[in-house]
Amino acid sequence: MLFDLDGVIRNFDPAHAAAIEQRHGLAAGTLESIAFAKPLIEDVTTGRISRAEWLRQVGDTVGSAAAVGEWGTQPTVVDDGVLELSDELRGLGLRTAVLTNGTDTIPAEIASMGIGDRFDAFFNSAEIGFVKPDVRAFRHVLDALAVGAEEVFFTDDSASKLAGADSLSMRTHHFAGVDGVREHLRRAGVDVAEPDAGSIRETGRRPGR
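Model, not experiment: these values are computed from the prediction. Residue numbers run consecutively from 1 along every chain, following the written order of its sequence. A pLDDT threshold of at least 70 governs which residues receive local features in this predicted model, and a stricter bar of 80 or more applies before side-chain atom pairs are shown or counted, although totals over entire chains, interfaces and linings include all residues. Each side-chain value is worked out from all heavy atoms of the structure, with water and hydrogens disregarded.

Undergrad: What should I look at first to understand the overall build of the chain in this one?
TA: Only DSSP runs of H or I covering at least 4 residues are called helices, and only runs of E covering at least 2 are called strands; the numbering of each starts at the N terminus. A tally of helices and strands in the chain yields 11 helices and seven strands. Its C-alpha atoms put the chain at 50 × 35 × 30 Å along the principal axes. Only protein chains enter the calculation, and the probe is 1.4 Å; a residue is then buried if its accessible area is under 20% of its type maximum, exposed if over 50%, and partly exposed in between. Each of the 209 residues in the chain was classed as buried or not, and the buried ones make up 48%. Residue pairs in contact within the chain that sit at least 24 positions apart in sequence constitute 65% of those at least 6 positions apart. In these tables, accessible area is a Shrake-Rupley quantity obtained with a 1.4 Å probe, and a residue counts as shielded only by the protein chains included in the view. Here the chain displays about 9,700 Å² of accessible surface, and carbon together with sulfur accounts for 50% of that area. Only four residue types enter the tally: Lys and Arg on the positive side, Asp and Glu on the negative side, with His and both chain ends excluded. By convention, the charge on Lys lies at NZ, on Arg at CZ, on Asp at CG and on Glu at CD. Of note, the chain has its 21 positive side-chain charges centred 3 Å away from the centre of its 33 negative side-chain charges. By the convention used here, residues are in contact when the closest approach between their heavy atoms is within 4.5 Å.

Below, the structure is given as structure tokens:
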């Protein structure tokens, strides 16, 4: 079972980013529109520049290093339901892993969240050199885990990120809550607990990295 990180395991509060922009006199959505624009976002998530350099460049463009500094240290919430699903799958003898379009600070972030022992492996685009949905990112995971694509179930909150996995014939699911993943796993023959009726959670957009 392969999970995305942001928007699946870890969530951010969009209202927090909006409050930062309001305090610093920035139009709503300014920070994300600059930080996640190409080629800058690709530079940081493929490891060509560090997260610190990425934030510095965003601050230069925005004209407010203070606003970007706050935005870059936003609080996050870990979805305990996803962690519990990972634990359950591992208890069934299956391996779980994470593939994220991340930066050079992902190892430290994983440690700070205390989730390093809840998955069997973590894969970071900044170390791989390719970002989802590039098929090469998924092939890296398959090679590292020594599994075939048909053996992997991948979920991501961004539908566009599923394309590379789909092209390799992985089973994929557009994440909208952990119970949706449970339902799809059960349909695939995995003996996980049934989802609670009506409890599918909405996930927040990832605003910070």
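So, next bit.
Undergrad: Explain unusual backbone geometry here, please?
TA: Glycine aside, negative phi is the norm for most residues, and most peptide bonds take the trans geometry. Residue Pro39 is reached from Lys38 by a cis peptide bond, and omega for that bond is 5°. Here Pro39 lies in the loop between helix H2 (30–35) and helix H3 (40–45). The omega torsion across Lys132 and Pro133 is 10°, close enough to zero to call that bond cis. Summarising the element assignment, Pro133 is placed in the loop between helix H8 (125–128) and helix H9 (135–145). Of note in the backbone geometry, Ala146 takes a positive phi value of approximately 55° without being a glycine. As for its position among the elements, Ala146 is in the loop between H9 and strand E6 (153–156). According to the relative accessible area criterion, Ala146 is exposed, its value standing at 67%. Positive phi, normally seen in glycine, also occurs at Ser169, with a value near 70°. Position of Ser169 relative to the elements: it lies in the loop between helix H10 (163–167) and strand E7 (171–174).

Undergrad: Where do I start with helix H11 (residues 178–187) in this structure?
TA: Residues spaced three or four apart along an α-helix point in a common direction, a consequence of the helix completing one turn every 3.6 residues. Every buried residue of H11 is accounted for by Val178, Asp179, Gly180, Val181, Arg182 and Leu185. Along its buried surface, H11 packs onto helix H6 (80–91), E6 and E7. Immediately downstream of H11, the backbone of Gly189 shows phi near 95°, a positive value.

Undergrad: Mind showing me how you'd approach the pairing of E6 here?
TA: Where a strand is regular, its side chains alternate between the two sheet faces. Every second residue of E6 is oriented toward a common face, with Phe153 and Thr155 on one face and Phe154 and Asp156 on the other, all of them buried. When DSSP finds two or more bridges between two strands, those strands count as paired. Relative to E6, strand E1 (residues 2–3) runs parallel, the two being bridged by two bridges. Considered in E6, the bridge of Leu2 is made with Phe154.

Undergrad: Please explain the pattern of salt bridges as it appears in this structure.
TA: Think of it this way: side chains of opposite charge can pair up when their charged atoms draw near. One side-chain nitrogen of Lys or Arg within 4 Å of one carboxyl oxygen of Asp or Glu is enough to make a salt bridge. Here the structure, examined in full by the defined rule, presents 15 salt bridges. Of the charged contacts, one joins Lys132 and Asp4 as a salt bridge, the two residues approaching to 2.7 Å between their closest N and O atoms. Pair noted here: Lys132 is in the loop between H8 and H9 and Asp4 is in the loop between E1 and strand E2 (10–12), with a separation of 128 residues, a long-range link. We note that Lys132, like Asp4, is buried. The partner of Glu53 in a salt bridge is Arg56, with the nearest N and O atoms 2.7 Å apart.

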